[in-house]
Amino acid sequence: MKNTEAMENTDELLAGVLAGEHGTRPADLVATSVFWVHHGTRLAGGNTTYLNQYVLVRLGGSFGGCAFEAGEVHPSICHDASGTPLDTLLREAPRPLRIAALDAYLSAVRPHREAAEAEAVTLPAGTPETRAKARDAAVAGLLDIESGARVGLIGVVNPLVAAIRERGGTPLLCDFNLRTTQWGDPVADDMHEVLEAADAVVATGMTLSNGSFDTVLARCRERGVPLVVYAQTGSAVARAFLGAGVTALSAEPFPFSQFSAEPTTLYRYRVAADA
């Protein structure tokens, strides 16, 4: 497998996968199923309705997923892309579908459940509020911060804002779709000001979908700032950059926690302090 320390960005990762540097060549694989999910959630006590769209790819025994903005991908993609050679999706599909296909491939090569360095965290059965709080506490638990540390949050989820505060952090918030949190905190739409001011950064996997992940990764590397990624989108893609800019990862493969009331598992990864 290629040395991840040499990889600069997702384009380089994708090129390596297409060249067969990470396992079976994608030209020899077929995306069995492509599906599209659209759902909304409003947690009790909140004033925000989260609207999420996902495109998902099944490759044998693995799934890959990517959230996308409204209108980027049409449900007809399910008919058009199911049964397509994987390399065709990786080369020609819209970016969200390319990320989902790349995620499916990397998940097949090394499933999270088989990764020796992954810490499995079981989210409890229960209500959406119970499960969201447990998930976001697990993400915040990856932060090693001092009281008062400024934590840039790229992709705002209200329970995660609360979890950062509970750990003594001061959230610096950025999201393309939210202007305030449920507590009235202002949310910027320019991530650059957040990246310049933060002592640590937490970014959602959605940055892989909208193309901002490489910018976040590069700036955190340049500044020597810890980068924690919490990923449903592209969890295995983000994992490829552990130790190469990403310092910790909460990886939640499909089926995601919001689609079940039963116990589900996410996987936490950390880079050793002396790595």
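Thresholds, definitions, all that
Residues numbered from 1 in each chain as written. Predicted model: local features only at pLDDT ≥ 70, side-chain atom pairs only at ≥ 80, totals over all residues. Heavy atoms only, no water. Disulfide = S-S within 2.5 Å. Buried < 20%, exposed > 50% of the residue type's maximum accessible area, 1.4 Å probe, protein only. Salt bridge = Lys/Arg side-chain N within 4 Å of Asp/Glu carboxyl O. Helix = DSSP H or I, 4+ residues; strand = E, 2+ residues; numbered from the N terminus. Pairing = 2+ DSSP bridges. Axes fitted to C-alpha atoms, helices over the stretch in contact; angles between N-to-C directions. Contact = heavy atoms within 4.5 Å.

Caption draft 1: Molecular detail of the state of the cysteines. Throughout the structure, instances matching the rule amount to 0 disulfides. With no disulfide of its own, C66 lies closest to C78 among cysteine sulfurs, the gap being 14 Å. Here C174 is not disulfide-linked; the sulfur of C220 is the nearest cysteine sulfur, at 12 Å. The class for C174 is buried, based on a relative accessible area of 2%.

Caption draft 2: Layout of the pattern of salt bridges. Scanning the model with the defined rule gives 9 salt bridges in all. Salt-bridge contacts for R135 lead to D136; the nearest nitrogen and oxygen are separated by 3.1 Å. The exposure classification of R135 matches that of D136, with both residues buried. Across the pair R219 and E222 runs a salt bridge, and its minimum N-O distance is 2.8 Å. Residue R219 and its partner E222 are located together in helix 9 (residues 213-223), separated by 3 residues, close to a single helical turn. E222 gets classed as exposed once you look at its relative accessible area, which sits at 58%. Overlapping salt bridges bring together E119, R268 and R270 as one network.

Caption draft 3: Local environment of unusual backbone geometry. Backbone torsion omega between F254 and P255 reads 5 degrees, so that peptide bond is classified as cis. Within the secondary structure layout, P255 lies in the loop between strand 11 (248-251) and strand 12 (264-270).

Caption draft 4: Layout of the sheet that holds strand 2 (residues 33-41). In spatial order, the strands read 2-3-4; together these 3 strands make up an open sheet with antiparallel pairing. Only two strands of the sheet have a single partner each, and these edge strands are strand 2 and strand 4 (62-68). Across the sheet, the mean angle from the axis of one strand to that of its neighbour is 25 degrees, orientation sign disregarded. As paired strands, strand 3 (residues 50-59) and strand 4 are joined by 7 bridges and run antiparallel to one another. Bridged to V55 within strand 4 is C66. Together, strand 2, strand 3 and strand 4 form the strand contacts of helix 4 (residues 95-109), whose direction differs from that of strand 4 by roughly 155 degrees.

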